[in-house]
Amino acid sequence: MGKTITEKIIERHLVAGRFIPGAEIALRFDQTLTPDSTGTMAYLQFEAMNVPRVRTELSVSYIDHNTLQMGYENADDHAYLTGIARKHGIILSRAGNGICHHVHLERFGKPGKTLIGADSHTPTGGALGMIAIGAGGLDVALAMAGEPFHIACPQVIRINLTGRLRPWVSAKDIILKVLEIFTTKGNVGCVFEYGGEGLATLTVPERGTIANMGTECGVTTSVFPSDEMTRLFLRAQRREEDWCEIQADPDAVYQRTVEINLSELVPLTAKPHSPDQIAAVREMGGIPVQQVCIGSCTNSSYKDLVTVARMLKGKVVHPDVSLVVAPGSRQILLNLEQDGYIADYLASGARLMETACGFCVGIGQSPPTNGVSLRTSNRNFFGRSGTQTGNIYLVSPETAAAAALTGRFIDPRDLGLPYAEVETPEFFHVDDRMFLRPEETPDPAAVEIVRGPNIGLPPQSDPLPEAIRGEVAIKLGDKITTDHITPAGELLKYRSNIPRYAGFVFRPVDETFAERAQKNRDAGRHNVIVAGLSYGQGSSREHAAICPMFLGVKAVIARSFERIHSANLINFGIIPLVFSDADVYERIAQGDGIEIPSIRKVILGGGKIVVRNLTQGNQFECLCELTERQRTLLLAGGALNLKK
Ligand code: MIC
Ligand code: SF4
């Protein structure tokens, strides 16, 4: 029987287990990446492991999320990250060099390799034919220490692309179509593997847009073949020697195959507040738009930004619109400048932002009250933009530029502009001088790590208690994202200060949660979170587990969990429990007294998990599928306790 691309790459990296979908496997990771936002915590934990040099082929630390540096905290984090990189053999990509996923595609990704990153959009690397997976910082720290990563062996879904995109329809519209088909829930444990003749016209950055937003479906990763397009991209990056061909076997077997005919696609949008609320742009009825943001790891490639520059050339942004543009990397910016496009942007009145995540994670550019903001990024979760009443629509660069020019939500095909496909340059202007490389530090052991006052200790957790006794500290609905649990934006600067950051847990949905939970904890009572479907969507931030742990949360009972978050909960000793009967969710209330007796014994020896609702005088069963390894982690109170 033939093999899928996923199976071929995974098999070459197996440390334990076999390629049997659903079974736990342990994988060796060749490469790691961290952004600054999750990196500090990842490296604090790496330091606690006492491993002098990273044990990967390549580890890169990017300063890319919060480069605004309001207050001293981010600058202190960045100084810490620089010292850590020098001491432990990690490449540092300095602030201003670009967003990790763009830069990694350009300079480091290699077909056939494995990459684990402390950012949920790490699967962008799948555009180069890699198995690239997002995880919590602790799992990435373990990978840097040479430990394998454990994961359920994925089911492989083939997405077969036929036909060819029509003018003004682009890669973003493909992935929005995928989101319409698969939605943001129910895809845990799957990989999207792309194939079909439609691929021949999609360049690596366009594939990157698609792989990037597979994350919004909740899949483990997305992967493309490594083909002639891949070779051309690596050649343009002056690293053709990194190319090798990887294709699925013609008789490979997939769990499911979905066909998308590119010729039939039209410009699409994801409406507020979820990336799966898909509609055709023409259905939006030309509603007025106040803000357009072009950038992020999804859509700010050279091709994206040349397309937009050509649309703007000789015109001025509509008087009611603020247009901001943030190129994905310094390389993209340098190439745009060299080819004369920056002048077109500036002449049009576009506001050039730094090559960083910025607006995408609510660091600046919050839209006005009730404002409509069209963005080329990947997440429009409630409140993420920094304006609770903001309405964020996700669109392609073409649709974004059309709105910037007209002040309305308009299909770019209706502008009547001439269309010319942007060609990828034969060679990009490559400039690697914003990387600090390990070989530039002659005596790593002598490097002093600078720790600003905001940088705390690695998280401490207690072993699992004999029983959980406390209350339902909060009851939530479906699709609670990690942006609800631990909001980012202006609070990103507290990522290295858990006691401080914990004070904001669930702030977008319930400002009183942290205080309530803290009181329970101080009174020796445990906190339990109750939630609906797909709990923990979105970011890989392990803070969404660490901060609740700090507040004394011992279990989350939900109707279902997303992969990275559920792994993070276990990593920090919080038990993810699933209602065995969906009706119980309806009956349980916030404030109910809860007891989970003998939980230590059940986790250790197996058996039914019975939860007693002391307020309502009933009890119910929960499911908790755990591997041996996960049981050990939970009993120890988390992975760091074990590794130490
Ligand atoms: C995001 O897009 O939400 C982030 C910010 O990149 C996160 C990482 C973080 O929370 O720091 C992610 O996607 O994992
Ligand atoms: Fe940065 Fe946004 Fe991409 Fe997250 S999704 S890595 S915040 S650009």
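Within each chain, residues carry numbers counting from 1 in the order of the written sequence. All chains are assigned letters beginning at A, and all ligands numbers beginning at 1, according to the order in which they are written. Under the rules for a predicted model, residues below a pLDDT of 70 receive no local features and side-chain atom pairs below 80 are neither given nor counted, while totals for whole chains, interfaces and linings still include all residues. Values shown for side chains rest on all heavy atoms present in the structure; no hydrogens or waters enter the calculation.

Novice: Before we move on, can you summarise the overall build of the chain with the specific residues and values?
Specialist: On a plain count of helices and strands, the chain comes out with 21 helices and 27 strands. Values of the radius of gyration come from C-alpha atoms, whereas the globule rule sets the reference at 2.2 Å times the count of residues to the power 0.38. Radius of gyration (C-alpha) of the chain: 24 Å, near the 26 Å computed for a compact globule of 644 residues. Its C-alpha atoms put the chain at 70 × 55 × 55 Å along the principal axes. When the 644 residues of the chain are sorted by exposure, 66% land in the buried category. For the chain, long-range pairs separated by at least 24 residues make up 77% of all intrachain contacts whose partners lie at least 6 apart in sequence. Secondary structure follows DSSP: runs of H or I at least 4 residues long count as helices, runs of E at least 2 residues long count as strands, and numbering of each begins at the N terminus. Type-normalised accessible area, obtained with a 1.4 Å probe on protein chains alone, sets the label of each residue: buried when under 20%, exposed when over 50%, and partly exposed for intermediate values. Contact definition: two residues touch when any of their heavy atoms are within 4.5 Å.

Novice: Explain the layout of surface pockets to me, and be specific about the residues and the numbers.
Specialist: When its volume is computed, the largest pocket comes out at roughly 1000 Å³. In terms of lining, the largest pocket is formed by 35 residues, of which the most central are Ala 152, Val 188, Ser 566, Glu 625 and Gln 630. Of all the elements in the fold, those that place two or more residues in the lining of the largest pocket are strand S8 (149-152), helix H17 (563-571), strand S24 (575-579) and helix H20 (628-636). Counting residues per element, the lining of the largest pocket draws most heavily on H17, at five residues. Nonpolar residues are Ala, Val, Leu, Ile, Met, Phe, Trp, Tyr, Cys and Pro. Charged residues are Asp, Glu, Lys and Arg, and all others, Gly as well, are polar. Considering only residue class, the lining of the largest pocket consists of 16 nonpolar, twelve polar and seven charged. Using a grid of 1 Å spacing that covers the protein atoms alone, one calls a set of points a cavity when a 1.4 Å probe fits there but cannot get out, and a pocket when the set is open and has protein on both sides within 12 Å along at least five of seven lines; lining residues are those with an atom within 4 Å of a point. Grid points are joined across faces, edges and corners, and a volume is the space filled by probe spheres set on the points.

Novice: Tell me about the site of ligand 1, residues and numbers included.
Specialist: Put simply, a residue is near a molecule or strand once any heavy atom of it comes within 4 Å of that molecule or strand. Residues in close proximity to ligand 1 total 13 residues, the closest being Ser 37, Asp 119, Ser 120, Arg 495 and Arg 541. Pairs of N or O atoms within 3.5 Å make up the polar contacts considered here, provided that, within protein, one atom can donate a hydrogen while the other can accept it, and that residues adjacent in sequence are counted only when both atoms are side-chain atoms. Within the side chain of Arg 379, an N or O atom sits 2.9 Å from an oxygen atom of ligand 1. The separation between an oxygen atom of ligand 1 and a polar side-chain atom of Ser 539 is 2.8 Å. Residue composition of the shell around ligand 1, by class: one nonpolar, seven polar and five charged.

Novice: Explain the nonpolar core to me, and be specific about the residues and the numbers.
Specialist: Across soluble globular proteins, you tend to see nonpolar side chains buried next to one another. Definition of nonpolar core: a set of buried residues of the types Ala, Val, Leu, Ile, Met, Phe, Trp, Tyr and Cys, connected through side-chain atoms within 4.5 Å. Counting residues in each nonpolar core, the largest one holds 107 residues, and the members touching the most others are Phe 506, Tyr 535 and Ile 575. Setting aside its immediate chain neighbours within four residues, Tyr 535 contacts Leu 476, Ile 480, Ile 485, Phe 506, Ile 529, Val 556, Ala 558, Ser 560, Phe 561, Glu 562 and His 565. Listed in part, the 57 residues of the second largest apolar core include Leu 105, Phe 233, Leu 312 and Tyr 393.

Novice: Describe the site of ligand 2, with residues and values.
Specialist: Taken together, His 65, His 101, Asp 119, His 121, Ser 296, Cys 297, Cys 357, Cys 360, Val 361, Asn 378 and Arg 384 make up the full set of residues near ligand 2. For the shell around ligand 2, a count of residues per class yields four nonpolar, five polar and two charged.

Novice: Describe the side chain of Arg 631, naming the residues involved and giving the relevant values.
Specialist: Among the secondary structure elements, Arg 631 is positioned in helix H20. Apart from residues lying up to four places away in sequence, Arg 631 is in contact with Val 602, Ile 603, Leu 604, Gly 606 and Leu 626.

Novice: Could you give an account of unusual backbone geometry, with specific residues and numbers?
Specialist: In the segment running from Pro 272 into His 273, the intervening peptide bond is cis, with an omega of -5 degrees. By the element assignment, His 273 lies in the loop between strand S13 (268-270) and strand S14 (278-280). With a phi angle near 60 degrees, Gln 69 is a residue other than glycine that sits in the positive phi range. With respect to the helices and strands, the residue Gln 69 is situated in the loop between strand S4 (58-62) and helix H3 (73-88).

Novice: Please give an account of the packing of helix H9 (residues 302-312) against helix H10 (residues 330-338) that cites residues and values.
Specialist: Axis lines are fitted to C-alpha atoms, over the contacting stretch for helices. Their N-to-C directions set the angle, which ranges from 0 to 180 degrees. Contact geometry of H9 with H10 gives a least axis separation of 10 Å together with a crossing angle of 40 degrees. Viewed along their axes, H9 and H10 adopt a mutual orientation that is oblique. The two elements H9 and H10 meet at a crossing, and its hand is right-handed. Only Ile 332, Asn 335 and Leu 336 of H10 make contact with H9, whose side of the interface consists of Tyr 302, Leu 305 and Val 306. Classifying every residue of the contact of H9 with H10 by side-chain character gives five nonpolar, one polar and no charged. Angles are sorted into four bins: roughly parallel if under 35 degrees, roughly antiparallel if over 145, roughly perpendicular if 65 to 115, and oblique for all others. Handedness of a crossing is defined here by the sense of rotation of the near helix relative to the far one, left-handed for an anticlockwise turn of less than a right angle and right-handed for a clockwise turn.

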